[in-house]
Amino acid sequence: MNGSVAYLVTAVGCLVGVAGVVIAVIALRREKKPPRPAAPGDPFRDTDSDALRGDPRNLKPGDIVEIRQVSYAVRGSVHLVEGAWSWAEHLLDDSGGVKRWLSVEEDPDLDLVLWAAEPGTPLTPGAPTLDFAGRSYSWEESGQARYSATGTTGLDPSGTVRYHDYRAPDGARLAFEAYGEAGWEVARGERLHRSEVMVYPQAGAGTVD
């Protein structure tokens with residue numbers, strides 16, 4: 001009889017111990033982890049324009065973007081990284097088949113530039129100043145970046161690009177880009193005001209053929 005009582009006492013003690021462990025584990029699982037600190041934001045970012053006109057930073061293939069009352073489809077996007085710096089270039093196509101590139105960069109303010117290719121231009125980069133189409137452009141920056149492409153761009157999915165950027169006194173741009181082992185491509189750019197760009201994101205947008 002005493003043996004049975006001792007056995008019961010031991011069994012009850014074990015059950016109480018197991019229950020205590022289970023309760024402790026549940027309590028730990030329910031304990032909330034402290035939230036991660038929010039990433040620092042730009043206190044001067046124009047969130048009202050982003051809400052009303054769409055955010056060009058989030059453009060992707062398949063979206064529609066209206067620039068100066070002309071609607072374009074985003075056919076492809078190229079995201080570029082050089083060190084800690086990153087920016088994007090989007091290939092646009094209007095209803096008439098006219099193609100443009102839209103570059104989106106924060107420098108630190110949002111910088112939007114609409115580009116038109118200048119095929120067959122005999123210019124090469126490197127000189128401190130270049131004269132082209134009635135403007136004089138001064139060298140601004142150059143370098144090499146890595147890129148990844150999505151949608152229809154005519155580029156490999158990833159690779160490197162060399163670039164030289166020039167700027168005229170009135171803000172007009174002249175850019176030279178060479179992707180991979182290809183030769184230099186030349187484009188003229190015109191800076192856009194934020195109010196001239198309206199973004200219409202397309203739900204479930206994918207590659208545009």
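Keep in mind that what you see is a predicted model, and the values were worked out from it rather than measured.

A. View of the pattern of salt bridges. If you walk through the whole model with that rule in mind, you get 12 salt bridges. For the salt bridge of Glu106 with Arg57, the shortest nitrogen-to-oxygen distance reads 3.1 Å. Placement of the pair is Glu106 in strand β4 (residues 99-106) and Arg57 in the loop between α2 (47-53) and β1 (64-67), with a sequence separation of 49 residues. Asp170 serves as the salt-bridge partner of Arg135, at 2.9 Å between the closest nitrogen and oxygen. Of this pair, Arg135 sits in strand β7 (residues 135-151) while Asp170 sits in the loop between β8 (158-167) and β9 (173-179), and the two are 35 residues apart along the sequence. Given the relative accessible area of 33%, Arg135 is considered partly exposed. Within this structure, Asp55, Arg57 and Glu106 form a network of salt bridges that share partners.

B. Main features of unusual backbone geometry. Cis geometry is found at the peptide bond from Asp107 to Pro108, where omega equals -10°. Structurally, Pro108 is set in the loop between β4 and β5 (110-117). The phi dihedral of Gln69 falls on the positive side, at around 70°, and the residue is not glycine. Among the secondary structure elements, Gln69 is positioned in the loop between β1 and β2 (70-82). According to the relative accessible area criterion, Gln69 is exposed, its value standing at 75%.

C. Region of interest: the pairing of strand β3 (residues 85-94). Buried residues dominate β3, accounting for 8 of its 10 residues. As paired elements, β2 and β3 share 10 bridges and run antiparallel to each other. Its bridge partner lying in β3, Val78 is registered against Glu89. The hairpin turn running from β2 into β3, its antiparallel successor, is 2 residues long, and Gly83 in that turn takes a positive phi close to 65°. Linking β3 back to β4 in an antiparallel pair, the connection comprises 4 residues, with Gly97 at a positive phi of about 85°.

D. Examining the environment of Val65 more closely. Structurally, Val65 can be placed in strand β1. If sequence neighbours within four positions are ignored, Val65 has contacts with Leu59, Val70, Ser71, Tyr72, Val74, Leu92, Val197, Met198 and Val199.

E. Quick peek at the nonpolar core. Ranked by size, the top nonpolar core spans 14 residues in total, and within it Val65, Ile67, Leu92, Leu102, Leu112, Leu192 and Val197 carry the most contacts. Breaking this core down by element, the ones donating at least two residues are β1, β2, β4, β5 and β11 (197-200). The leading source of residues in this core is β5, at 3 residues. Setting aside its immediate chain neighbours within four residues, Leu192 contacts Ile67, Arg68, Leu102, Leu112, Leu114 and Val197.

Conventions adopted
- Residues numbered from 1 in each chain as written.
- Predicted model: local features only at pLDDT ≥ 70, side-chain atom pairs only at ≥ 80, totals over all residues.
- Heavy atoms only, no water.
- Salt bridge = Lys/Arg side-chain N within 4 Å of Asp/Glu carboxyl O.
- Helix = DSSP H or I, 4+ residues; strand = E, 2+ residues; numbered from the N terminus.
- Buried < 20%, exposed > 50% of the residue type's maximum accessible area, 1.4 Å probe, protein only.
- Pairing = 2+ DSSP bridges.
- Contact = heavy atoms within 4.5 Å.
- Core = buried A, V, L, I, M, F, W, Y, C linked by side-chain atoms within 4.5 Å.

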